[in-house]
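Structural overview
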Amino acid sequence: MSKNFDVVVIGGGPGGYIAAIRAAQLGFNTACIDEWKNEKGGPAPGGTCTNVGCIPSKALLQSSEHYEHASHGFAEHGIEVKGLGLNLDKMLGRKNTVVKQNNDGILYLFKKNKVAFFHGRGSFVKGDANGYEIKVAGAAEETVTAKHVIVATGSNARALPGVPFDEQLILSNTGALAITEVPKKLGVIGAGVIGLEMGSVWRRLGAEVTVLEALPAFLGAVDEQIAKEAQKLLTKQGLNVSLGVKIGEIKAGKKGVTVEYTDSKGDAQKGEFDKLIVSIGRTPNTIGLNAEGVGLKLDERGFIAVDGDCKTNLPNVWAVGDVVRGPMLAHKAEEEGVAVAERIAGQHGHVNFNTIPWVIYTSPEIAWVGKTEQQLKAEGVQYKAGTFPFLANGRARALGDTSGMVKFLADAKTDEILGVHIVGPMASELIAEAVVAMEFRASSEDIARICHAHPSLSEATKEAALAVDKRALNF
Ligand code: FAD
Ligand code: NAI
């Protein structure tokens, strides 16, 4: 006999589990189906983000940064470290514990909010506007029915054609987060978010890291001035990034991987690596959903086709997160999940795509919201810019981390903030102020007039806002 719900969510990543909690808060009898398994075969909700994405990568970024500080950074503070060692097993174990805490946290939240959890793969059987039948294939096979279905099945790492991931030598994000011995030479294909974050982790732990990027520009989507500064800082740390390369043949042998490529000058090159991370983007995941069986429309790139409200072509079927258009970010997935649950309840759920922040958790961090200078130029928008370097910020000096800057872009006439770009310490936290300001359509003068604590990194934000009007006080 099937169990009936008001709302069934397929996928328990940030998009799905948050949608389920919000639907339950709104009074719907809600279920969430997720198939992710932990090493014992048990449930591990949280999706890519919790299991092989945001959370474990940030755990390793933190641990490896501590290691780097202890190796090179503490000396200037007068702290002498002798007999420093790396226990990689323990570091990976800690990362796994952090992941498990998050998995358990979600199971607790489901109980607290009375969301029924089903462990297994959900696939559409049949349905129409009156309701859908969904089969759950797990330890036991069950069928659930619901009037509303939210699909949040996420994404998978994209492999290079003919070069499948074996997670031993050729690694996706999954293997890149679980290397058990620091490789001497690590190759990375793709200088995007994963390439730079995972490249940073393993470089800090001692690997010689070479990143091969197809595009001629470093971080092409980032404001050019910020991207240039970031490239300079990361290169100085020892990350070798080659831009404008064309990847040729890749051969995985017994001990390592050979990558043939053409460099930006057109010269043939060969890289020999102990391991190779391939981080060239991700593809939407609709495997096993039986989308075709019920006529759920996908777009030409394999994403579930949705409108601006996350409605699919099927009545009462919605889709959110990485499996639909838009940036592949956990917080974007969450916002869509909340908005859809609210729309089902007849409310006016809302996601503002113009104020979704981006963060790359390198050191220093890179964070931005809104338009880049190159976008404003291309769109013919008249703007004013103001920048402030962390070098002139007292807190950054005290921290011993003065790299980078804050940059404001504001409308030339109205002074409305159009974009804020940061490369520097704690950029991930600093960007929140800019997001709030832009959500309230603040001007740069608004930020410039707000009292910021001293000494704090946030003063650099205020000073950059002052610099829009050419009146920075400390630079
Ligand atoms: P997912 O998290 O992929 O979750 C989908 C879930 O659905 C999975 O558990 C999957 O098993 C399950 N599922 C799929 N099909 C079915 C089915 N038929 N039945 C049942 N279950 C199914 N984003 C950030 O914002 N910040 C970061 O710092 C960040 N770091 C990242 C680091 C890495 C290495 C990677 C790979 C990604 C990172 N991301 C980050 C991106 C982020 O992980 C994704 O944007 C986010 O996980 C998308 O959430 P989602 O709910 O759409 O999908
Ligand atoms: P990405 O899109 O960030 O970067 C992929 C890079 O690979 C691009 O620079 C692209 O030009 C390059 N590339 C593509 N094909 C190539 C080829 N054949 N040869 C060489 N280079 C090639 O994708 P990535 O790093 O795989 O991450 C996937 C997504 O996961 C990100 O876009 C982001 O949405 C999410 N993510 C977010 C994080 C965060 O928010 N901090 C951290 C990690 C991932």
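Figured I'd write up the structure that's included with this text.

Rules and cut-offs
- Residues numbered from 1 in each chain as written.
- Chains lettered and ligands numbered in written order.
- Predicted model: local features only at pLDDT ≥ 70, side-chain atom pairs only at ≥ 80, totals over all residues.
- Heavy atoms only, no water.
- Near = heavy atom within 4 Å.
- Polar contact = N/O pair within 3.5 Å; in protein donor to acceptor, adjacent residues only side chain to side chain.
- Areas by Shrake-Rupley, 256 points an atom, 1.4 Å probe, with all protein chains shown as cover.
- Helix = DSSP H or I, 4+ residues; strand = E, 2+ residues; numbered from the N terminus.
- Nonpolar A, V, L, I, M, F, W, Y, C, P; charged D, E, K, R; others polar.
- Phe/Tyr/Trp six-rings, centres within 6.5 Å; stacked < 30°, edge-to-face > 60°.
- Buried < 20%, exposed > 50% of the residue type's maximum accessible area, 1.4 Å probe, protein only.
- Pairing = 2+ DSSP bridges.
- Contact = heavy atoms within 4.5 Å.
- Axes fitted to C-alpha atoms, helices over the stretch in contact; angles between N-to-C directions.

1. Considering the site of ligand 1
What surrounds ligand 1 is a group of 38 residues, the closest being Asp 34, Thr 48, Lys 58, Gly 122 and Asp 322. A distance of 3.3 Å separates an oxygen atom of ligand 1 from a polar backbone atom of Pro 14. Here ligand 1 has 1,000 Å² of accessible area as a free molecule, and 94% of this is covered by the chains. At the level of elements, α1 (14-25), β2 (30-34), α2 (47-52), α3 (54-73), β3 (116-128) and α9 (330-344) are the ones that each hand at least two residues to the shell around ligand 1. The dominant element in the shell around ligand 1, judged by the number of residues it contributes, is α2, at four residues. Its residues assigned to classes, the shell around ligand 1 comprises 14 nonpolar, 18 polar and six charged.

2. Considering the packing of aromatic side chains
We describe a pair of aromatic rings using the distance from one ring centre to the other and the angle between the two ring planes. All chains considered together, the criterion is met by five aromatic pairs. Centroid distance Phe 5 to Phe 118: 5.9 Å. Interplanar angle 85°. Geometry classified as edge-to-face. Highlighted residues: Phe 5 in strand β1 (residues 3-10) and Phe 118 in strand β3, separated in sequence by 113 residues. Both residues of the pair, Phe 5 and Phe 118, count as buried.

3. Observations regarding the site of ligand 2
Not every one of the 23 residues close to ligand 2 is listed here, only the nearest: Glu 197, Glu 213, Gly 281, Met 328 and Val 359. For ligand 2, an oxygen atom lies 2.6 Å from a polar atom in the side chain of Glu 213. In isolation ligand 2 exposes 840 Å². Once the protein is present, 77% of that is buried.

4. Overview of the sheet that holds strand β10 (residues 240-242)
Read across the sheet, five strands follow the order β7-β14-β8-β9-β10 without closing on themselves; strand pairing throughout is parallel. Unpaired on one side and paired on the other, β7 (170-171) and β10 mark the two borders of the sheet. Pairing of strand β8 (residues 185-189) with strand β9 (residues 208-212), which is carried by five bridges, proceeds in the parallel orientation. Bridge pairing links Val 188 to Val 211 in β9. Packed on one face of the sheet, helix α6 (residues 193-204) meets β8, β9 and β14 (275-278) and runs near 165° to β9.

5. Some thoughts on the sheet that holds strand β20 (residues 405-411)
The antiparallel open sheet is built from five strands, whose spatial order is β17-β18-β21-β20-β19. The open sheet has two free edges, formed respectively by β17 (358-360) and β19 (383-389), since each of these has just one partner strand. Adjacent strand axes in the sheet meet at a mean angle of 10° when their direction is disregarded. Bridging between strand β18 (residues 365-370) and strand β21 (residues 417-424) involves six bridges; their strand directions are antiparallel.

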